[in-house]
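What follows is each chain in one-letter form.
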Amino acid sequence: MAKNIAVIGTGYVGLVSSVGLSDFGNYVTAVDVNPEIVEKLNRGIPTIYELGLEDYLRRNLESGRLEFTADIDRAIRNAEIVFLAVGTPQSENGEADLSQVEQAVGSVAKNLNGFKVVVCKSTVPVGTNRWVKGRLSELTGESAEGPDPAFAVVSNPEFLREGKAVQDFFHPDRLVLGYEAPKAREYMEDVYRALNLIHVPMVWCGLETAELIKYASNAFLATKITFINQMATLAEAAGADIHVIAHSMGMDGRISPKFLHPGPGFGGSCFPKDTRALVSTGDSYGVDMSLVREVISANEHMKGLVVNRLLKMAGGAGALKGKVAAVLGLAFKAETDDIRESPAITIVQRLLDEGAEVQVHDPEALDNFKKLFGDEIRYFEHEFDALKGADALLIATEWNEYRNLDLERAKAEMRGNLIMDARNVLEPEKARSFGFAYKGVGR
Ligand code: NAD
Ligand code: UGA
């Protein structure tokens, strides 16, 4: 049976989940503390760039099953299930900052007017859901134990990727559901009935296991990327081709070809913070997560490496001083406007530190980048305008439109002929045939 749901937080996860859960036939009231976000969403205007989101948003608003509000108390009081989709950013010491979760739990406690399942979708360190359970008991005097609990807690980590969030929400590889109370499981089966019907595997497990599945998955993927990035550096030094290496490795079913694309290092709102949080969690249990620690540091090194390569092409240290460097791609990956921990931030800062004038283009992330760099750099809506008069070009994000870059025009617009392709989106031979001095990653 359809459920009444409150979703707290309407960022990437909260918004996509709200739209998806209402599309499954549930009644969803999504809450955000930011009234501007609420107002825009109620008018059917997505506050993030995500393929297909607008159609789903409008369709479900029109159906009457979805609304957005800043009134968290009303949303929780009317809900049988409360999804927490608030941010869990990195705090100064590397741990996850759980203040938004704590605040949301306070609101649930204040409005616990009958049985509710509190579902944590935010990525939270192992032990957090048990803490939520204890905290709710403490604040309300109610118990989550026994055959007739006053509330229940479920850990339901989210695995969606930005840029493919809608597709991932509707067709996940699996759902992970950590729970204790049988009643909570019944409720969650109702919520996700639409996915059960298309045979999406459901992993029912304990709270701690669910929490660690999330961190283990992200850390593993981050490790895989870092591994191929280091192999790319070695391949380059040894005159081998990382694409052929990665492709052949991926033919082994045990390895799989996914997440073997070399680049300027992983970024985004999750891999960097989740790997650091996992190291902190390890520390708090007296377990040295040395491999993950190494991944973090190797990834930082990688971001600087692409600028070093460009410098070397330009003639060594100081060679970019007073020169114009164009950067194509600012988002941490294609198909998103998100620049959180984007390698492009480190790259642009390094270029500025080297004394270069920087001109940038990105199809979606220009506005976000402006908030960070202000008038330190020049922004362009069209890639060829960013290339005008440039001595060097660095491609930092693998947007499709860069794959088919008109190299003849690029050559005509640029003053110099250097290309550092940190995403391997161009064909090396083709780029060279247009007179460019071209370098990719690992080939
Ligand atoms: P986000 O920062 O984009 O969004 C969080 C939203 O919550 C913001 O809009 C904020 O205004 C709102 N908020 C904060 N406190 C609130 C409160 N008390 N009441 C109502 N609204 C409140 O975050 P996100 O990227 O959607 O990530 C959310 C969580 O999901 C994080 O734990 C993240 O690690 C995890 N996650 C993110 C992704 C992703 O692709 N972004 C994927 C999987 C998991
Ligand atoms: C990642 C995970 O893929 C999601 O499953 C997870 O839900 C999410 O984190 C999260 O926890 O928030 P996301 O950060 O959106 O999703 O993006 P990815 O596609 O995983 O890319 C992350 C970074 O790795 C990007 O900077 C990307 O360019 C880089 N990457 C990815 C590579 O350099 N090479 C690859 O082969 C794949």
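Just so it is clear, the model here is predicted, and its values are computed rather than measured. (Residues numbered from 1 in each chain as written. Chains lettered and ligands numbered in written order. Predicted model: local features only at pLDDT ≥ 70, side-chain atom pairs only at ≥ 80, totals over all residues. Heavy atoms only, no water.)

### Here's the deal with the sheet that holds strand E9 (residues 324-328)
Where we set the bar: Following DSSP output, two strands are said to pair if at least two bridges run between them. Comment: elements are numbered from the N terminus, with helices defined as DSSP H or I runs of at least four residues and strands as E runs of at least two. Between N-to-C directions, angles cover 0 to 180 degrees, with each direction set by a line fitted to C-alpha atoms, over the stretch in contact for helices.
The strand order across the open sheet built from six strands is E11-E10-E9-E12-E13-E14, with neighbouring strands paired in parallel fashion. Lying at the two open borders of the sheet, with one neighbouring strand each, are strand E11 (378-380) and strand E14 (437-439). Averaged over all pairs of adjacent strands, the angle between their axes in this sheet comes to 20°, without regard to strand direction. Where E9 meets strand E12 (residues 392-395), four bridges bridge the pair, whose relative direction is parallel. Bridging from a neighbouring strand, Val327 pairs with Leu394 of E12.

### Thoughts on the site of ligand 2
Note the following rule: The rule for a residue being near a molecule or strand is that one of its heavy atoms must lie within 4 Å of it. Under this definition, polar contacts are N or O atom pairs within 3.5 Å; protein pairs additionally need one hydrogen-donor-capable and one acceptor-capable atom, and for neighbouring residues in sequence, both atoms have to be side-chain atoms. Methods summary: accessible areas were calculated by the Shrake-Rupley approach with a probe of 1.4 Å, and residue burial reflects only the protein chains presented. Any residue outside Ala, Val, Leu, Ile, Met, Phe, Trp, Tyr, Cys, Pro, Asp, Glu, Lys and Arg is labelled polar, Gly included; the first ten of those are nonpolar and the last four are charged.
The environment of ligand 2 is formed by 19 residues, the closest being Phe159, Leu160, Glu162, Lys214 and Cys270. Between ligand 2 and Gly267, the relevant distance is 2.9 Å, taken from an oxygen atom to a main-chain nitrogen or oxygen of the residue. Contact distances for ligand 2 include 2.9 Å between an oxygen atom and a backbone N or O atom of Phe332. Summarising the interface, the protein chains cover 91% of the accessible area of ligand 2, which totals 700 Å² for the free molecule. Among the secondary structure elements, those contributing two or more residues to the shell around ligand 2 are helix H10 (207-238) and helix H12 (271-284). Top element by residues in the shell around ligand 2 is H10. It accounts for three residues. Taken together, the residues of the shell around ligand 2 break down into nine nonpolar, three polar and seven charged.

### As for the nonpolar core
Here is a general trend for soluble globular proteins: nonpolar side chains tend to be buried in one another's company. Counted only if it meets this: Nonpolar cores are built from buried Ala, Val, Leu, Ile, Met, Phe, Trp, Tyr and Cys residues. Side-chain atoms within 4.5 Å join them into one set. Each residue is assigned to one of three classes by its accessible area relative to the maximum for its type, calculated with a 1.4 Å probe on protein chains only: buried under 20%, partly exposed between the two thresholds, exposed over 50%. Any two residues whose heavy atoms approach within 4.5 Å at even a single point are treated as in contact.
Counting 59 residues, the largest nonpolar core has Val348, Leu351, Val360, Phe369, Ile377 and Leu393 as the members making the most contacts within it. Leave out the neighbours within four places in its chain, and Val360 touches Val327, Leu330, Val348, Leu366, Ile377, Arg378, Tyr379, Phe380 and Ala386. Core analysis: the next-biggest nonpolar cluster, separate from the first, contains 44 residues, Leu160, Leu177, Met188 and Val200 among them.

### Overview of the environment of Lys183
Within the secondary structure, Lys183 is located in helix H8 (residues 182-191). Spatially, the C-alpha atom of Lys183 lies 8.8 Å from that of Val117, the residues being 66 residues apart in sequence. Ignoring any residue separated from it by four or fewer positions in sequence, one finds Lys183 in contact with Phe115 and Asp148.

### Thoughts on the packing of helix H1 (residues 12-23) against helix H3 (residues 53-63)
The cut-off we apply is this: Each angle gets one of four labels, with under 35 degrees taken as roughly parallel, over 145 as roughly antiparallel, 65 to 115 as roughly perpendicular, and the rest as oblique. Definitions for this section: a left-handed crossing has its near helix turned counterclockwise from the far helix by less than a right angle. A right-handed crossing has that turn clockwise.
Running from amino to carboxyl end, H1 crosses H3 at an angle of 50°, the nearest separation of the two axes being 9 Å. Between H1 and H3, the angle falls in the class oblique. Handedness of the H1/H3 crossing: left-handed. Residues Leu15, Val16, Val19, Ser22 and Asp23 of H1 touch H3, and the partners they reach there are Leu53, Tyr56, Leu57, Arg59 and Asn60. Class assignment of the residues belonging to the contact of H1 with H3 gives a composition of six nonpolar, two polar and two charged.

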